[in-house]
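Working through the structure, step by step
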Amino acid sequence: PATDVKSHFTIRNQLKAYPNPYKQGQFTIETELSMNDVDVIIMDINGRQHFTKKTSFVGGKLTIQPGNLLSGIYFLIVADAKNRLSKEIIVEKYF
């Protein structure tokens, strides 16, 4: 059977995430794609997951509280049954 080639690749530039750089508190994610029952994952550059949540977009937007992430570069991944979106985020912590 034929498969949708798009479903095998991450779609770029379809995801907004802010504030970026992230410091603490709430983090907002937006997309214009119609996505339901999404998995939100934040992983570091070594592939370790630091945050996971199953949630849904409301009006193309959702808010998460990732908790205590150390300073560094992370990848935000938002995926549902049809799409997989990713965005690089920077975490800046000042002590």
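Our subject is the structure listed above.
None of these values were measured; they are calculated from a predicted model. For every chain, the first residue of the written sequence is number 1, and numbering continues from 1 onward in sequence order. This being a predicted model, a pLDDT of at least 70 is required before a residue's local features are given, and a value of 80 or more before pairs of side-chain atoms are given or counted; all residues contribute to the totals for chains, interfaces and linings. Think of the side-chain values as coming from all heavy atoms in the structure, minus any hydrogens and water.

Glancing now at the sheet that holds strand β3 (residues 38–44). Strand pairs in the sheet, formed through backbone hydrogen bonds, run parallel or antiparallel to each other. Taken together, the four strands give an open sheet; going across it, the order is β4-β3-β6-β7, and neighbouring strands pair in antiparallel fashion. With one partner strand each, in any of the chains shown, β4 (49–55) and β7 (84–91) form the two edges of the open sheet. Recorded for the sheet is a direction-independent mean angle of 15° between the axes of neighbouring strands. When β3 meets β4, the two strands line up antiparallel, connected through six bridges. The partner of Ile41 across the bridge, within β4, is Thr52. Only when DSSP finds a minimum of two bridges between them are two strands counted as paired. A helix here means a DSSP run of H or I that spans at least four residues, while a strand means a run of E at least two residues long, and both kinds are numbered starting from the N terminus. In this analysis, axes come from line fits to C-alpha atoms, helices being fitted only over the stretch in contact, and the angle between any two N-to-C directions falls in the range 0 to 180 degrees.

The definition of a nonpolar core used throughout is a set of buried Ala, Val, Leu, Ile, Met, Phe, Trp, Tyr and Cys residues joined through side-chain atoms within 4.5 Å. Burial classes follow relative accessibility: with a 1.4 Å probe on protein chains only, a residue under 20% of its type's maximum area counts as buried, one over 50% as exposed, and anything between as partly exposed. By size, the foremost hydrophobic cluster in this structure holds 20 residues, and its most contacted members are Phe27, Ile29, Val40, Ile42, Ile64, Leu76 and Val78. Of all the elements in the fold, those that place two or more residues in this core are β2 (27–30), β3, β5 (61–64), β6 (72–79) and β7. By the convention used here, residues are in contact when the closest approach between their heavy atoms is within 4.5 Å. Sequence-distant contacts of Val78, that is, excluding residues within four places in its chain, are made with Leu15, Ile29, Met35, Val38, Asp39, Val40, Phe57, Asn83, Arg84 and Leu85.

Bridge count between strand β1 (residues 16–18) and β2: three bridges; the pairing is antiparallel. Across the sheet, Tyr18 pairs through a bridge with Thr28, a residue of β2. The pairing of β2 with β5 spans four bridges and is classified as antiparallel. Across the sheet, Ile29 pairs through a bridge with Leu62, a residue of β5.

A separate point is the side chain of Thr31. Mapped onto the secondary structure, Thr31 falls in the loop between β2 and β3. Nitrogen and oxygen atoms within 3.5 Å of one another constitute a polar contact, given that in protein one can donate a hydrogen and the other can accept it, and given that sequence-neighbouring residues count only through two side-chain atoms. Here the side chain of Thr31 touches Leu33 through a polar contact of 3.2 Å, landing on its backbone nitrogen. Sequence-distant contacts of Thr31, defined by excluding residues within four places in its chain, comprise Gln14, Leu15, Phe57, Gly60 and Leu85.

Attention shifts here to the pairing of β3. Of all the seven residues making up β3, six are buried; the element is thus mostly covered by neighbouring parts of the structure. Where β3 folds back on β4, the antiparallel hairpin that results is connected by four residues, among which Gly47 adopts a positive phi of roughly 85°. Here β3 runs beside β6; their pairing, made up of six bridges, is antiparallel. Among the inter-strand pairings, Ile42 is bridged to a residue of β6, identified as Leu76.

Bringing a nonpolar patch on the surface into the picture now. In this scheme, patches are assembled from residues that exceed 30% relative accessible area and form no salt bridge. Like charges are connected within 9 Å, while nonpolar side chains (Val, Leu, Ile, Met, Phe, Trp, Tyr) are connected within 5 Å. Areas reported here follow the Shrake-Rupley algorithm with a probe of radius 1.4 Å; residue values treat only the protein chains shown as occluding. By convention in these notes, a salt bridge is any Lys or Arg side-chain nitrogen within 4 Å of a carboxyl oxygen on Asp or Glu. The grouping of Ile45, Ile73, Phe75 and Ile90 at the surface amounts to a nonpolar patch, some 340 Å² of accessible area in total. Residue Ile90 is classed as partly exposed on the basis of its relative accessible area of 34%.

A word on the environment of Leu62. Topologically, Leu62 is positioned in strand β5. In sequence terms Leu62 and Ala17 are 45 residues apart; their C-alpha atoms lie 9.8 Å from each other. Ignoring any residue separated from it by four or fewer positions in sequence, one finds Leu62 in contact with Phe27, Thr28, Ile29, Val38, Val40, Thr55, Ser56 and Phe57.

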